[in-house]
Amino acid sequence: MLKKFSSKSEESGHKDDCHDSAPKSPTRRLAVASGVRWWAMVAVDMVMLLSGGTVATLLSRLYYNSGGNSKWMTTLTQSGGAPLLAIPLLLTPPSEDDRQPPAAASSKLAAVYAIIGVLIGLDNLMYAYALQYLPVSTFSLVASSQLAFNAVTSRLINAQRFTPLIANSVVVLTFAATVLAIGSSSDGSSSGNYHYNYAAGFVLTVAASAAFALILSLYELTFERVVMAQTARWVLRVQMNSNLVASVVAVMGLFASGEWRTVPGEMAAFRGGTVRYVATLAGTAAAWQAALVGQIRLVARVSSLFANATGVVQLPLVPLFAVVLFGDRMTGIKVVAMLMSAWGFMSYAYQHYLDGRRAAGTARAQCSMCAAQAASDAVSDAS
Ligand SMILES: Nc1nc2[nH]cnc2c(=O)[nH]1
């Protein structure tokens, strides 16, 4: 039995043999944990992912719009806030499960952190190039392919089952981003005065989308098969260590590419000056980690596909905030994209709700069978 967030009995459902024989549900291991408190915690994780991711993406755009140009620096901001995670890690009291010895040897854990961390470093670099090489609209369109990639990786790596509602969710969310991209390709979005490098941007966005889907599935596999725990502390530890490895990759890239030499000049020429430069990068780094805490907790609580679906909801949110912050035009198509996003997401959430009800019914039926079996055993023992 896996160790779940905080209270085991409430969140992991039934610990007895009745539950162990229940079939896996499409929305997977926590289908039985569908109480109000559990949904509230999922909602908090979603808000963290959506708000953190939106702020981080907008700040990355601000960096480029204000004169920033270093790809390795943008790469570093995506993982460089990892040491901040030491604060919640220290403040989170260990649960009963955290006091057990780790299920995996330290060397195995180190190898997992290294593999996922290097993948994150490469994904972050490709993501940084993609953000700069493509207009936001095209980027959103191509980046939504990560959900389709995740459908494949979670089928192959995490044995995710698909139902019509989940397939609908994947298709509708992908369409939402497509509608957005087609509709906003000529709406005067303030993406800066770049000479876009479409071909490279396209290939890098697709590669980053595939890499990110793989990363989320590997996180899920790590919680299920390596650490065999999904407590809040384990989530923070796995995120912190893998992102520290990714930061080492980014720092090595910054020095090996020689880009570090351009940083002082970039800082001096930055619109708003040095303080604004540092504040923009520090804010981006903190926002990415907040988003990732939400996303990785969703991987642990629900599944990598659910975490990715939530992340894709963010794609239509970014243009909406860009309307307010960068003066982009609001169009009907953006509203349609957002409504489609909400529909795609509700489809997944409804499947989860159905699973929760079905799992609770199955558990009740099995427990009454267990009780009847126990009573008949007691009668035969007595006679
Ligand atoms: N490729 C990719 N990288 C990310 N890094 C943080 N979020 C994302 C994402 O949604 N996609």
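See the structure printed just above.
Residues numbered from 1 in each chain as written. Predicted model: local features only at pLDDT ≥ 70, side-chain atom pairs only at ≥ 80, totals over all residues. Heavy atoms only, no water.

Caption draft 1: How the structure looks around the environment of Thr77. Considering the arrangement of structural elements, one finds Thr77 in helix α4 (residues 71-79). When its relative accessible area of 6% is taken as the criterion, Thr77 is described as buried. A C-alpha to C-alpha distance of 7.7 Å links Thr77 and Trp288, two positions 211 residues apart in sequence. If sequence neighbours within four positions are ignored, Thr77 has contacts with Leu281, Thr284, Ala285 and Trp288. (Helix = DSSP H or I, 4+ residues; strand = E, 2+ residues; numbered from the N terminus. Buried < 20%, exposed > 50% of the residue type's maximum accessible area, 1.4 Å probe, protein only. Contact = heavy atoms within 4.5 Å.)

Caption draft 2: Molecular detail of the pattern of salt bridges. By the definition in use, this model includes 2 salt bridges. We note a salt bridge from Arg297 to Asp45, for which the minimum N-O separation is 2.8 Å. You can see Arg297 sitting in helix α13 (residues 273-301) and its partner Asp45 sitting in helix α3 (residues 36-65), a full 252 residues away along the chain. Exposure remark for Arg297: the relative accessible area of 18% places this residue in the buried category. The exposure class of Asp45 is buried, given its relative accessible area of 0%. Across the pair Asp45 and Arg301 runs a salt bridge, and its minimum N-O distance is 2.8 Å. Of the two residues, Asp45 sits in helix α3 while Arg301 sits in helix α13, which places them 256 residues apart along the sequence. When sorted by exposure, Asp45 lands in the same class as Arg301, which is buried. Via salt bridges that share partners, Asp45, Arg297 and Arg301 belong to a single interconnected network. (Salt bridge = Lys/Arg side-chain N within 4 Å of Asp/Glu carboxyl O.)

Caption draft 3: Inspection of the side chain of Gln295 at higher detail. Within the fold, Gln295 resides in helix α13. Setting aside residues up to four positions removed in sequence, Gln295 forms contacts with Leu49, Phe212, Leu216, Ala307, Asn308 and Gly311.

Caption draft 4: Quick peek at unusual backbone geometry. Phi angles above zero are rare outside glycine, and Met228 is one such case at about 50°. Looking at the secondary structure, you find Met228 in the loop between α10 (198-226) and α11 (232-256). For Met228, a relative accessible area of 39% translates into the label partly exposed.

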